[in-house]
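Observations on chain architecture
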There are 2 protein chains.
Amino acid sequence: MQRPLILVSNDDGVTSKGIRHLVECMKELGEVVVVAPNSPQSGMGHAITIGNTLRLDKTDIFGEDVTAYESSGTPADCVKLAKHHVLKDRTPDLIVSGINHGSNTSISVLYSGTMSAAIEGAIEGYPSIGFSLCDYAQDAEFVHALDYVKAIAKQVLDKGLPKHTTLNVNFPPKRNEQIKGVKICRQARAKWEEEFDQRFDPNGRRYFWMAGNFVNFDKGEDNDEWAIANNYVSIVPCQFDLTAHHTISMLNDEWDIKI
Amino acid sequence: MQRPLILVSNDDGVTSKGIRHLVECMKELGEVVVVAPNSPQSGMGHAITIGNTLRLDKTDIFGEDVTAYESSGTPADCVKLAKHHVLKDRTPDLIVSGINHGSNTSISVLYSGTMSAAIEGAIEGYPSIGFSLCDYAQDAEFVHALDYVKAIAKQVLDKGLPKHTTLNVNFPPKRNEQIKGVKICRQARAKWEEEFDQRFDPNGRRYFWMAGNFVNFDKGEDNDEWAIANNYVSIVPCQFDLTAHHTISMLNDEWDIKI
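These figures come from a predicted structure and were not determined experimentally.

**With respect to the UniProt feature "binding site: a divalent metal cation" (unreviewed entry) in chain A**
All names here are of chain A. Under the UniProt annotation, "binding site: a divalent metal cation" (unreviewed entry) lies at Asp11, Asp12, Ser42 and Asn100. These annotated residues cover 90 residues of sequence, and their C-alpha atoms all fall within 8.8 Å of one another, placing them together at a single site. Looking at where aspartate 11 falls in the secondary structure, it is placed in the loop between strand E1 (5–9) and helix H1 (17–27). Beyond its immediate sequence surroundings of up to four residues, aspartate 11 is in contact with Pro37, Ser39, Pro40, Gln41, Ser42, Gly43, Pro75, Asn100, Gly113 and Thr114. Here glycine 113 takes part through its backbone nitrogen, which lies 3.4 Å from a polar atom of the side chain of aspartate 11. Structurally, aspartate 12 is set in the loop between E1 and H1. If sequence neighbours within four positions are ignored, aspartate 12 has contacts with Pro40, Ser42, Ile99, Asn100 and His101. At 3.2 Å, the side chain of aspartate 12 and the side chain of serine 42 are in polar contact.

**Digging into the packing of helix H2 (residues 75–87) of chain B against helix H4 (residues 113–123) of chain B**
All names here are of chain B. The contact between H2 and H4 brings their axes to 7 Å, and the two run at 30°. In the packing of H2 onto H4, the handedness of the crossing is right-handed. Where H2 abuts H4, its residues Pro75, Ala76, Val79 and Lys80 lie against Gly113, Ser116, Ala117, Glu120 and Gly121. A per-class count over the contact of H2 with H4 returns four nonpolar, three polar and two charged.

**Re the interface of chain B and chain A**
Put simply, an interface is often sized by how much accessible area is lost when its parts join up. Counting from both sides, the interface comprises 81 residues of chain B and, opposite them, 81 residues of chain A. At the boundary of chain B with chain A, total buried surface from both sides reaches about 7,600 Å², with 64% on carbon and sulfur atoms. Ranking the residues of chain B by area buried against chain A places Arg55(B), Leu242(B) and Trp255(B) at the top, with a combined share of 10%. If you look at where chain B meets chain A, you find 42 residue pairs in polar contact (both at pLDDT 80 or more). Take the side of chain B that touches chain A: its biggest share by element is seven residues, from helix H5 (residues 146–159) of chain B.

**Some remarks on the packing of aromatic side chains**
All names here are of chain A. For the coordinates displayed, the defined rule picks out eight aromatic pairs over all chains. Each ring, one from phenylalanine 131 and one from phenylalanine 171, has its centre 6.0 Å from the other, and the planes form 15°; the classification is stacked. One end of the pair, phenylalanine 131, is in strand E6 (residues 128–133); the other, phenylalanine 171, is in strand E7 (residues 166–171), and 40 residues separate them in sequence. Across this residue pair, the class does not change: phenylalanine 131 and phenylalanine 171 are buried. The cationic tip of lysine 183 hangs over the ring face of tyrosine 232; the distance from NZ or CZ to the ring centre is 4.7 Å.

**Side note on the UniProt feature "domain: Survival protein SurE-like phosphatase/nucleotidase" (unreviewed entry) in chain A**
On the UniProt side, "domain: Survival protein SurE-like phosphatase/nucleotidase" (unreviewed entry) is annotated at positions that read residues 6–194 of chain A here. Span residues 6–194 of chain A is 28% helix and 25% strand, its end C-alpha atoms 37 Å apart.

**What to know about the environment of Asp241(A)**
With respect to the helices and strands, Asp241(A) occurs in the loop between strand E11 (233–238) and helix H7 (248–254). When the C-alpha positions of Asp241(A) and His164(A) are compared, they lie 9.7 Å apart, and in sequence the two are 77 residues distant. With sequence-adjacent residues up to four places away left out, Asp241(A) is seen in contact with Gln187(B) and Gln239(B). A distance of 2.7 Å separates the side chain of Asp241(A) from the side chain of His245(A), its partner in a polar contact.

**Comments concerning the sheet that holds strand E3 (residues 56–58) of chain B**
Residue and element names in this part refer to chain B. Taken in spatial order, the nine strands of this open sheet run E3-E4-E2-E1-E5-E6-E7-E11-E8, and their pairing is mixed. With one partner strand each, in any of the chains shown, E3 and strand E8 (182–184) form the two edges of the open sheet. Within this sheet the neighbouring strands show an average axis-to-axis angle of 20°, counted without direction. Across five bridges, the pairing between strand E5 (residues 94–101) and strand E6 (residues 128–133) is parallel. Residue pairing for E6: isoleucine 95 is matched across the bridge by serine 128. Lying over the sheet, helix H1 (residues 17–27) contacts strand E1 (5–9), strand E2 (31–37), E5 and E6, oriented at roughly 145° with respect to E5.

Thresholds, definitions, all that
- Residues numbered from 1 in each chain as written.
- Chains lettered and ligands numbered in written order.
- Predicted model: local features only at pLDDT ≥ 70, side-chain atom pairs only at ≥ 80, totals over all residues.
- Heavy atoms only, no water.
- UniProt positions renumbered as here; feature names shortened; annotations may be inferred.
- Helix = DSSP H or I, 4+ residues; strand = E, 2+ residues; numbered from the N terminus.
- Contact = heavy atoms within 4.5 Å.
- Polar contact = N/O pair within 3.5 Å; in protein donor to acceptor, adjacent residues only side chain to side chain.
- Axes fitted to C-alpha atoms, helices over the stretch in contact; angles between N-to-C directions.
- Left-handed = near helix turned anticlockwise from the far one by under 90°.
- Nonpolar A, V, L, I, M, F, W, Y, C, P; charged D, E, K, R; others polar.
- Buried area = accessible area lost by both parts, 1.4 Å probe.
- Phe/Tyr/Trp six-rings, centres within 6.5 Å; stacked < 30°, edge-to-face > 60°.
- Buried < 20%, exposed > 50% of the residue type's maximum accessible area, 1.4 Å probe, protein only.
- Lys NZ or Arg CZ within 6 Å of the ring centre and 35° of its normal.
- Pairing = 2+ DSSP bridges.

What follows is the structure in C-alpha cells.
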C-alpha cells in the first residue's frame, strides 16, 4: 500500500522547534513534504501575497528523506504554492500546520497563521489539521503533545473529515499531571483586550507595541478554553462560511432600502 | 441630538479613492474619525502586528473637520489602535471599512483586509460594515454605489445589528442599467484557483507572482455571487464563530483517541 502524502506547513517559520517535531511525527505516518515560511509569520491571519513577489527555495534542514521548501510568503501562500508548484499532480492525503508556539484557541483562530494554512487546505477540499501549544514560554516543551499529534493525524488519515472542515487542535502546556484526554469543542466566546505601549524612537517619533490580555466571557464546559484550562487537548472542527445564517430572515423582515 | 460617531478604515490605504468616497458619505451621517493604513494592505486577511512596532501619525488629507490618522499596521490593527488610542473613552456608533477597490464576495471575505476591519469591530461589539466594489479596473467608478453606501449605513445606525454581526456589502461594477436593489445573501461556495507565474530576477534567482481565477461552484440564487452577477448589491451578514457545529456530534461518535 502506498504511504500517505502529508504536506506540512506552519507560521513560526521553517526553523522553528514546533515544525521539526511535527515533521518527525508525520514521518512515522507517511511521506512528508514541507512548504513553510522562511521567517516567523505569527498573527498573519489569512493573509495572502498579492501585489508582491514570492520566493520559494529548496532547503535540506529536515534531512534527505523530506522534500522541503521555504517561502517568503504567508502560511496560506505556502499551501497554495505547495499545491500548484511543489505537489503539482499529486494530491495530499493530509495537510498539517504547526505545531504553533502559542495558543490558537477561541477568537485567536481568526488571527492565526497556523490555522490559515489548515483552512486553506480545507478550502481546497483536503483533510487538514492545525496544531498549537498553549504555552508562550520561550523554552516551551512540546514533547508531551506528540503522541496526541500522531493519534489525531492517524484518525484523520483513517476516517477522513467532512469536506471543507479542518481541525483546530490545541494542547495544554506541560504540567505535572498527564493530559487527561481529548475533547471535541466549540470555539469559546472570548476576545483580546489590547493595550498599546507608547514609546519614542531615537528621533523622537512615536511608535507602539501591541500588548493585550485574553478575556474569556464563556461559562460553558463544551468550549476550547474550558478544555485547555482543565488539561484536555481541545479539538474544534472549523469551517469557513462566515454567513450569520440566522440573521438573514431578520434583515429581510426589518430592512427596507430603496434608492 | 448628538451626531453619531463613525470610525472609518480600509485596506487600500489612506490615500485611496474608495476611502475618500466613504468619508464623504459618512460626513453626511455623523462625526467621522479615520484610522487607516498608510500603505495598501490588500489580501492581509485578519493579520495583526505582533513582534513588530506600529506607527500612528495624524494626517489632514480629509480636511479640517475629520480627525484622521494613518498607521503602519493592518486594517485590524487600525481598529484596535482607534479603539484604544484615538477614541479612548468614546464609543463608535458605527465602524465602516472600504470602499474596497475589488470584490470581497464569497471566499474572498477570508482574505480581505477590508472585512477584517469590520470583523474586528464586530468582535468589539460595535455595529460595523465592510464595503467593496466588484471592479478591478484601475479607473473603476465608485459613484453609482454611494447612495447605497449611505442608505445601508443609515439603516445600521437606525436599527442596529445583532451583536457580534457585521455586514459584507459588495457592489456590482458600474453598468449601463441602474443597480436593481439590495439582496440579503449567504456567502457563495467558491474558491480561487491560483496560478503562479514563475520568473527569474536579474541575479538568476527564481520568484513567483500569484495570479488566479475565481471558480464559483454555487448554483443557488440566494448567494452574493448571484446577486452581483445579476446587478444587485449583495449584503452578507457575517459572524466569526468558525466552529463546524454540525460535525461535533459526529466526531464524538466516530472518534476514539486514547493514549
